[in-house]
Structure formats: structure tokens, C-alpha cells
Amino acid sequence: MMQFMLLFSRQGKLRLQKWYVAHPDKIKKKITRDLITTILARKPKMCSFLEWKDLKIVYKRYASLYFCCAIEQTDNELLTLEIIHRYVELLDKYFGSVCELDIIFNFEKAYFILDELLLGGEVQETSKKNVLKAVAAQDLLQEEEAQQGFFEDHGLG
Amino acid sequence: MPAVRGDGMRGLAVFISDIRNCKSKEAEIKRINKELANIRSKFKGDRTLDGYQKKKYVCKLLFIFLLGHDIDFGHMEAVNLLSSNKYSEKQIGYLFISVLVNTNSDLIKLIIQSIKNDLSSRNPIHVNLAMQCIANIGSKDMAEAFGYDIPKLLVSGDTMDVVKQSAALCLLRLFATYPEIIPGGEWTSRIIHLLNDQHLGVVTAAASLIEALVKHNPEEYKGCISLAVSRLSRTVTSSYTDLQDYTYYFVPAPWLSVKLLRLLQNYPPPEDPGVRGRLNECLETILNKAQEPPKSKKVQHSNAKNAVLFEAISLIIHNDSEPNLLVRACNQLGQFLSNRETNLRYLALESMCLLANSEFSHEAVKKHQEVVILSMKMEKDVSVRQRAVDLLYAMCDKTNSEEIVQEMLNYLETADYSIREEMVLKVAILAEKYATDYSWYVDVILNLIRIAGDYVSEEVWYRVIQIVINRDDVQGYAAKTVFEALQAPACHENMVKVGGYILGEFGNLIAGDQRSAPSVQFQLLHSKYHLCSSMTRALLLSTYVKFVNLFPEIKGIIQNVFNQDSNIRSADAELQQRASEYLQLSNIVTTDVLATVLEEMPAFPERESSILALLKRKKPGRVPDTLEGKEEKIAAPSPINSSQHVNNTAATDLLGLSTPPTSVNTSSNSNDLVDVLDAPSIAISFTYNNLLQKLFVKLPLTINKFFEPTEMNGESFFARWKNLGRSSQPMDAASTRTKLLGFGMQLLDGIDPNPDNYVCAGIIHTRTQQIGCLLRLEPNKQAQMYRLTVRSSKESVSVEVCELLVDQF
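Residues numbered from 1 in each chain as written. Chains lettered and ligands numbered in written order. Predicted model: local features only at pLDDT ≥ 70, side-chain atom pairs only at ≥ 80, totals over all residues. Heavy atoms only, no water.

Caption draft 1: How the structure looks around the overall build of chain A. Check the secondary structure of chain A and you find 5 helices and 7 strands. Put simply, chain A runs from its N terminus to its C terminus through helices and strands in the order β-β-α-β-β-β-α-α-α-β-β-α. Summarising its shape, the C-alpha atoms of chain A cover approximately 60 × 30 × 30 Å along the three principal directions. In chain A, which comprises 157 residues, the proportion classed as buried is 62%. Total accessible area on chain A is roughly 6,500 Å²; 56% of this is exposed by carbon and sulfur atoms. Distance from the positive charge centre (22 side chains) to the negative charge centre (23 side chains) of chain A: 11 Å. (Helix = DSSP H or I, 4+ residues; strand = E, 2+ residues; numbered from the N terminus. Buried < 20%, exposed > 50% of the residue type's maximum accessible area, 1.4 Å probe, protein only. Areas by Shrake-Rupley, 256 points an atom, 1.4 Å probe, with all protein chains shown as cover. Lys, Arg positive; Asp, Glu negative; His and termini not counted. Charge placed at Lys NZ, Arg CZ, Asp CG, Glu CD.)

Now the structure itself:
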């Protein structure tokens with residue numbers, strides 16, 4: 001089971017954090033700081049996996065963003081890399097060639113997409129088509145409400 | 001500003017832009033505080049705040065939280081949003097709760113009803129939102145509230161597939177905190193049959209749930225074995241077009257395959273020959289596919305394919321029953337050892353470690369020894385080198401131990417600091433385990449101390465001494481070798497310890513040679529004495545007294561050393577005591593008594609190597625339990641024979657330094673001590689020549705022997721300092737830090753505003769009371785004087801402590 005996922009920039013700024021195991025905020029901050037420092041210090045050709053306490057860390061850099069997951073001893077490292085990749089593909093498809101700014105300005109969308117891919121730290125849906133369909137359905141609901149709101153505001157509801 | 005789909009929140013985007021435009025950290029904090037104040041006042045005052053505005057402000061709070069600031073309000077607004085009729089508001093409410101709220105928050109109770117409503121909605125999007133939230137919080141409250149609904153959603157015939165997927169994982173999460181949530185009986189069969197579901201997404205999610213259930217109760221769910229094998233078989237043999245969107249870069253359903261392979265690792269190999277045959281076919285298919293040319297050059301293709309392959313190899317190793325598959329797995333991993341991808345080399349080294357422990361594949365792993373040694377030396381990434389060291393350790397046996405140990409020793413000279421300590425332990429263990437010739441073992445350990453002395457822990461040098469003492473065939477060689485090693489102009493303190501101990505026991509075996517005559521041995525050791533810590537000096541003093549017994553001709557020189565001020569009047573109580581006791585011993589007793597007291601150490605009981613136990617403690621799970629795994633405490637050798645009657649297993653430090661020499665008497669006398677403050681005396685009566693003799697001996701129990709060092713900060717030190725203001729007695733002394741430390745109180749650094757001053761604290765424990773004691777020593781450099789002030793809760797104790805210190809200086 002995945003314990004948490006962190007997205008951070010090359011400058012060490014945290015962009016997204018998703019915790020599947022409860023920790024006090026103080027601990028979360030410490031873990032985040034430790035991992036960002038450790039990973040930023042590593043060189044490009046190095047292994048994408050490292051041992052960290054009793055967890056395994058799997059990370060990969062996409063352009064200016066690092067994606068970092070903590071998994072348990074029995075979890076599969078290579079497939080965790082591909083969970084990251086699938087998430088990047090989903091973001092890319094949704095935003096249309098995603099960049100760090102998209103995730104900063106639409107962090108809530110980044111969360112909603114992640115929640116369709118993983119639930120409780122386990123892979124929920126690996127089909128790209130199905131995840132995008134679910135996110136599109138959410139957006140549709142919102143848009144309908146927005147129109148509804150527009151009509152109501154103008155006395156047409 | 002990037003375009004936003006759904007319904008954008010302009011105010012949020014503007015705020016984020018503002019923050020990004022801030023030129024400095026201060027400006028950012030200022031902007032955030034302004035926004036927080038604004039939101040707070042909106043939430044407090046403005047009753048007409050509509051859903052959209054609430055949503056916008058809650059989003060801003062979330063953003064501020066993500067920047068790393070603490071958020072302590074807005075929860076109620078989020079709860080309101082969560083129960084809104086509008087999906088866009090509801091979604092943000094849920095997001096805030098799942099990002100910001102911890103499991104034990106009181107807010108959870110407030111949202112349970114809203115979640116219940118959403119869970120029974122006809123719209124699957126609402127249902128899933130509720131389940132994401134339940135899974136994210138995953139508390140016992142949640143389990144109790146939804147323990148009925150979620151299992152029902154999972155197996156009910158009219159639940160949509162997307163909801164089933166979420167329900168399976170949501171249930172898994174709740175099961176982890178509250179195992180009672182899973183109903184037994186007919187549910188078992190319904191749950192495991194989800195492995196047959198049409199929808200691959202449902203099967204994938206269910207496989208995770210089933211694995212957790214199996215771990216909890218393997219017997220109950222063992223029906224899943226055959227279902228998992230047939231599902232796996234269908235998956236791995238399907239072409240990549242069969243599974244449509246569940247094919248990932250030409251690999252059919254890698255996530256499902258890995259989960260099924262993992263699920264099967266919770267059971268022994270299937271008993272049913274049919275199922276077993278089918279499983280072996282699957283595993284062969286996976287191994288065959290690994291040899292096929294890749295269908296794509298993309299790393300995603302090879303990662304997904306190899307993820308399945310590594311999981312299959314894990315299962316083969318777990319089953320440990322098919323020699324053919326084990327050897328094939330080993331050959332496959334061998335190919336990966338020289339792969340271009342660092343990740344693959346890392347994983348191959350890791351997997352091979354497990355293969356090395358199987359009797360079927362141990363020999364096959366050994367074929368790769370050269371490549372692994374190269375990995376240890378050449379890999380750029382220390383974590384990969386670490387893996388290579390692990391594998392060398394695992395593949396080592398009688399046939400290759402000398403070579404592997406030698407290579408590890410060579411590498412140790414340049415190895416990364418982060419892995420040296422572990423490597424030292426591993427080399428020490430291998431040398432001991434596979435030594436047929438113990439002189440080789442002694443050479444290896446002395447080399448370890450020479451190359452990486454700082455990383456040689458006490459256990460390692462205790463162990464070499466234990467082994468030398470237990471094996472008389474190696475004692476002469478050990479004495480000769482340490483003698484030679486000590487000739488080096490700079491040698492590590494650990495070398496002095498081992499050398500001192502071994503020469504003290506077996507120096508006589510090499511004393512016949514003029515080059516290592518008794519006086520030469522003594523001079524050699526004593527030339528290091530002044531460079532060593534007091535613990536090592538204490539050990540050397542014991543060596544010297546043993547020399548008195550072994551070599552009566554140098555008794556005079558040694559007595560002079562005991563008699564030196566730096567020993568017999570040492571500030572270190574242990575050194576002082578040893579010097580005076582050994583001096584007395586050498587002066588008073590007859591040679592017979594001396595020979596008995598200072599006799600050679602008896603053999604240590606044989607037990608599991610203490611270093612192996614240490615490595616296991618450091619790397620739980622990484623050290624195979626192949627040796628007899630008895631839990632044990634390290635039996636520490638103690639150089640003086642009197643302590644052989646003391647329980648050997650309880651003493652963990654070689655010198656017995658951890659036990660204060662006076663502790664035996666504390667219970668009987670410390671009570672009186674407070675009032676009398678005289679050192680207690682012992683009355684010995686006996687009859688000699690029919691005459692009753694009585695002796696009163698004063699015991700060297702001064703009050704400071706009862707100190708317990710006490711940590712405290714500046715505030716509490718001076719608060720107590722003032723409280724204990726009744727007595728202050730200035731005195732002058734030429735003092736040092738060591739003297740204060742040796743006195744037994746805690747020396748507190750960084751407490752006194754004047755860094756030149758020393759302050760100490762301690763508690764004296766007696767049977768009836770505890771006496772707090774504080775001390776302050778203020779040096780005056782111009783006057784070449786010190787001022788010492790002692791305060792304690794008992795006037796007489798302050799005086800006594802002061803007087804004791806006067807004697808000290």
C-alpha cells in the first residue's frame with residue numbers, strides 16, 4: 001500500500017501532498033523536508049529507489065517536478081514508477097501538455113484526478129480512458145450547476 | 001493564467017498569482033496574513049456568504065495550507081460545503097476534510113450524516129466521493145458508521161462497476177483499522193469470486209482487498225488460490241489487444257498480474273497438482289516473455305514487463321520448490337546485473353539476495369560473483385553498491401569466503417561512510433562463520449580495525465577476544481600478530497584494546513623471543529597509554545597487573561606506573577581505584593594468590609555470535625535467520641578473574657565500568673549517610689589462634705558516589721539555585737572539567753550566561769529521601785582563582801560536597 005505521495009519542484013517547493021496514512025502535521029512536515037532534501041541531493045543517473053526507515057521511496061522527475069511515493073516493503077517498485085507515469089499521463093491529457101503552473105493553479109483538479117487513480121493508497125483504476133471519463137463526468141456536473149446558477153441569478157431558473 | 005475547466009474560481013487564481021508575484025518570503029507571509037484576516041472576517045461576520053464564496057475561501061485556505069502554513073479555522077465552513085446540494089461545493093468540502101483533518105478530529109462526527117446521504121445517492125459520482133473520504137480518514141468511527149453499507153455495495157448485484165472498485169478499496173482501508181468489519185460466512189465466497197468479475201478494474205481492486213483478508217485469515221480465504229491462478233493464467237497468456245485499456249504499453253494488465261502474484265505469496269505452493277501445474281506454466285510464460293524482444297523501446301514497456309517478472313521471481317523464491325524455475329530466475333537476474341538501467345541492476349541484486357538463500361539456486365547465484373564484486377566497486381550510486389554488499393554477504397559460503405572477505409576488505413578502504421559500519425559487521429561475521437583456520441580470522445579482524453577502526457563496534461572486538469580465549473590453537477598467533485600490529489606508529493585505539501587484552505592473557509606465549517620480551521611488550525603498550533581514553537587506560541591497567549603475574553621481572557616498572565600521580569591520584573575514579581587496588585595486590589599477596597587471581601580467563605560459553613545479533617538488530621529482515629537464532633546477550637570478557645563468578649551474560653561492557661564500584665553498599669548505608677556524612681565502615685571479626693580479632697575498615701564511600709547526573713535547562717537551574725540559597729561557600733581551586741565530571745554530577749553546558757563558568761546538578765538518592773544538589777564553579781582568570789558554590793536541599797550535604805571537592809583539588 002502506498003503511504004503517501006509528494007509532488008515538489010526542483011527548488012524544493014511542495015506542490016501537492018497526499019497522505020494515505022494519518023500522521024500529525026508536525027511529522028508530515030518533517031518527513032516532507034527530509035525527503036525533499038534527500039532526493040534533490042541525488043544525481044540524475046542514480047537509482048529511482050531508496051530505502052528510507054522501513055519504507056521504500058520511489059521517485060521520478062518530470063521536467064521541473066519531482067513525483068515521490070513511499071511504499072511498503074512488499075510493494076513493487078517498478079510498478080510504482082508506472083503509477084507515477086500514469087498519473088502524469090492523466091494530468092497531461094486533462095490539462096493538455098501539463099506544466100508545473102497547471103498544478104499550482106488547479107491543485108484541486110490534481111487531487112480529484114489522483115483520487116480516481118488511487119484510493120486508500122491502492123490502485124483503483126488503471127485504465128486511462130475510465131479515469132478521464134470519471135473526471136469529465138465531474139466537470140460536467142459542475143458546468144451544469146454553473147449554468148443553472150447563471151439562470152437562477154437572472155431570474156430564469 | 002492557465003485556462004481552467006469545470007467552473008473556475010477567479011478570486012482563487014488571482015490570489016495564487018499574487019503569492020507567486022511576491023518578491024520575498026516576508027512579502028508572501030504578509031499577503032497570506034492579509035488574506036487569512038479577510039477570510040476570517042468573512043466567515044465570522046458575513047451571514048449572506050453564498051456557497052460559491054465559501055467554496056472560494058475554503059480553496060484559498062487549502063492553498064495556504066499547501067504552502068506549508070498552519071490552518072486553524074474554516075473547518076465548519078468545509079463541513080457546510082460538504083453537505084451542499086451542489087456537487088462543486090460538496091467536492092471542495094470533501095477535499096478540505098480529507099487534506100486537513102486527522103483521524104481523531106471531532107469534526108468526523110459532524111460529517112457522518114452527510115456522508116451517509118451521499119453514500120445512498122443514485123449518482124455514482126456522489127457515492128464515490130463519499131467513499132474516497134471514508135477511505136482517506138479510515139478511522140474506527142468510520143468503520144463503525146459504514147461497516148454495514150460498504151460490504152453491501154461491494155457484492156450487491158446492481159452496484160455499478162466504478163462503485164464496486166471504490167467499495168473494495170474503501171473496505172480494505174476500514175478493515176486495516178477495524179478487522180471486525182468483514183462479515184464471514186457466505187460473504188467469503190462472494191468476495192473471493194470477485195476475482196472472476198468481468199470488469200478488470202473491479203478484479204484489480206478486489207485483489208488488493210482479498211490479499212489483506214488472506215493475511216488476516218489464510219484458511220478462511222484459501223479458495224482464492226485456484227481462482228487467482230486461473231485469472232493470472234488468462235491474463236498473462238492474453239495478447240496485448242485482448243485487454244484493451246487495461247493493457248499498459250503492450251503489457252497485459254500489469255497491475256492485476258502483480259497483485260495476483262503477490263496474493264499467491266501468502267500461501268505455500270498449491271496442493272492440487274492441476275492448479276500447481278497451471279501456476280508453473282504461468283511463471284514459465286512470464287520468464288519466456290522476458291526473453292522475447294521488447295515490443296516497444298519505451299521505458300514504460302520494460303518497467304511494466306519487468307515489474308511482473310520480478311513479482312513472478314518473488315513467488316518462485318517464496319515457493320522454493322521448483323529447482324528449474326529457481327535456476328531460470330537466477331539466470332534472468334544475472335542478465336539484469338549488467339543492464340543499462342540502474343533500477344534493474346538494483347532490483348536484480350536485491351532479488352538475487354533471496355535466491356542465494358535457497359539451496360536450489362545458491363550455486364547458480366555464485367556464478368555471478370565476479371559481476372557482483374564489480375558492482376560493489378564500480379556502481380555510481382551508493383544504494384546500489386549497498387545492495388551488492390548485501391548480495392556478496394548472502395552468497396558467501398565455505399568455498400568463496402576467503403575471496404569475498406578479501407574483496408570486501410579491499411573495498412572498505414574507500415567505501416562510503418554510510419555503509420562502513422554495516423560492512424565491518426558483515427566481514428566480521430563471514431570471517432567467523434567460515435573460518436577453518438582461526439589465524440585467518442584473527443588477521444581479518446585486525447585488518448578491519450586497521451582499515452576502519454572507527455567503525456569497529458565493541459561487539460566486534462569483544463568477539464575476537466572471546467574466540468581467541470576459547471581456541472588455544474590460535475592464542476600464540478594472535479599474540480604475535482597483535483604485537484606486530486601495535487608496532488605501527490599510529491594505531492587505532494581499538495587495536496590497543498585488543499592488543500592489550502590479548503597480550504595480558506597470552507603475552508607469555510611470545511615472550512621467549514627477544515624482540516617481544518616482557519619489557520618490550522610492556523613498553524610498546526605503555527607508549528600508547530597516554531593517547532587513549534580512560535576506558536582503554538583502565539583496560540591497560542588490568543593488562544599491566546596481569547603482566548605482574550606473567551612476568552615477575554618487570555613488576556617494579558609496572559608498580560611505578562600504578563604509583564604515578566596520573567593514575568593513583570587520577571581524577572577518574574575508575575583509574576584511581578584500579579591503580580591503587582592493583583598496586584596493593586602486587587605488593588601484598590603471595591605469588592600463589594596472585595597467580596590464582598590473575599589466572600588466564602576461562603572459556604566463554606559458545607553461543608550465537610554477538611555480532612550477528614547486532615546486525616540483525618540493525619537490519620531487521622535483511623539478515624537471513626539461517627544460523628540458530630537464539631536470542632542472547634553479549635557475554636563480555638572481563639579481564640579480572642574475580643568477575644567470572646558474576647553472572648557473565650548480564651555484564652555487557654568489557655571493563656565492567658558501567659557498574660560503579662560502590663553500588664553494593666548503597667542500600668545498607670546511604671540512609672545513615674545523610675545524617676552522619678561520615679564514610680561508613682565495615683566491621684570484620686574473625687578468630688585467629690583462638691583469639692577474636694576485630695577490624696573496622698572505613699569504606700571509600702563518600703557522598704558523591706550517590707550522585708545521579710541530572711539534566712536541566714537554564715531556567716530550572718537558576719530557579720533551584722535561588723531556592724537552595726541557604727548556604728554558599730566560596731572556595732578557590734585549580735579545577736578542570738574532568739574533575740567535575742568524575743565527581744559524579746551532571747555537567748551542564750550552555751546554562752550559565754558566562755561561558756567560562758561550570759554548573760552541575762545531581763540528586764543523591766537515599767533510602768528515605770532524595771537530595772537535590774547544584775554546583776557552580778566560577779573561574780577568575782586574572783586572579784587565578786575559582787569560586788565554587790554548592791547548594792542543596794540539605795545544609796550538611798552542601799558542606800560535605802564542598803569539603804569533598806576541597807580534598808579533590
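Caption draft 2: View of the overall build of chain B. A tally of regular secondary structure across chain B gives 38 helices and 9 strands. Split into buried and exposed, the 809 residues of chain B put 54% on the buried side. Expressed as a percentage of contacts within chain B between residues at least 6 apart in sequence, the contacts between residues at least 24 apart total 66%. For chain B, the computed accessible surface area is about 36,800 Å², with 50% contributed by carbon and sulfur atoms. (Contact = heavy atoms within 4.5 Å.)

Caption draft 3: Examining the confidence of the model for chain B more closely. Residues and elements named next belong to chain B. The pLDDT averaged across chain B works out to 85; a share of 89% of its residues lies at or above 70. Within chain B, no element has a lower average pLDDT than helix H35 (residues 666–676), which sits at 40, and none a higher one than helix H14 (residues 254–264), at 97. Of the two predicted TM-score estimates for the complex, the pTM is 0.76 and the ipTM is 0.94. (pLDDT = per-residue confidence, 0-100.)

Caption draft 4: Representation of the state of the cysteines in the model. All names here are of chain B. Applying the stated criterion to the full structure yields 0 disulfides over all chains. The structure places no disulfide on Cys-59, whose sulfur is separated from the nearest cysteine sulfur, that of Cys-133, by 16 Å. Judged by relative accessible area, Cys-59 falls into the buried class, the value being 0%. Distance from the sulfur of Cys-282, which forms no disulfide, to the nearest cysteine sulfur (Cys-224) is 15 Å. A relative accessible area of 3% places Cys-282 in the buried class. (Disulfide = S-S within 2.5 Å.)

Caption draft 5: The interface of chain B and chain A, seen in detail. Every contact between the two is made by 77 residues of chain B and, on the other side, 69 residues of chain A. Both sides of the chain B and chain A interface together cover about 6,200 Å² of buried area, and 55% of this is carbon and sulfur. Taken together, the links from chain B to chain A amount to 4 salt bridges. A salt bridge links Arg42(A) to Asp381(B); the shortest N-O distance between them is 2.8 Å. At the surface where chain B touches chain A, the tally comes to 32 residue pairs in polar contact (both at pLDDT 80 or more). Of all the elements, helix H16 (residues 299–319) of chain B adds the most residues to the side of chain B that touches chain A, at 8 residues. The class makeup of the residues in the side of chain B that touches chain A is 36 nonpolar, 24 polar and 17 charged. (Buried area = accessible area lost by both parts, 1.4 Å probe. Salt bridge = Lys/Arg side-chain N within 4 Å of Asp/Glu carboxyl O. Polar contact = N/O pair within 3.5 Å; in protein donor to acceptor, adjacent residues only side chain to side chain. Nonpolar A, V, L, I, M, F, W, Y, C, P; charged D, E, K, R; others polar.)

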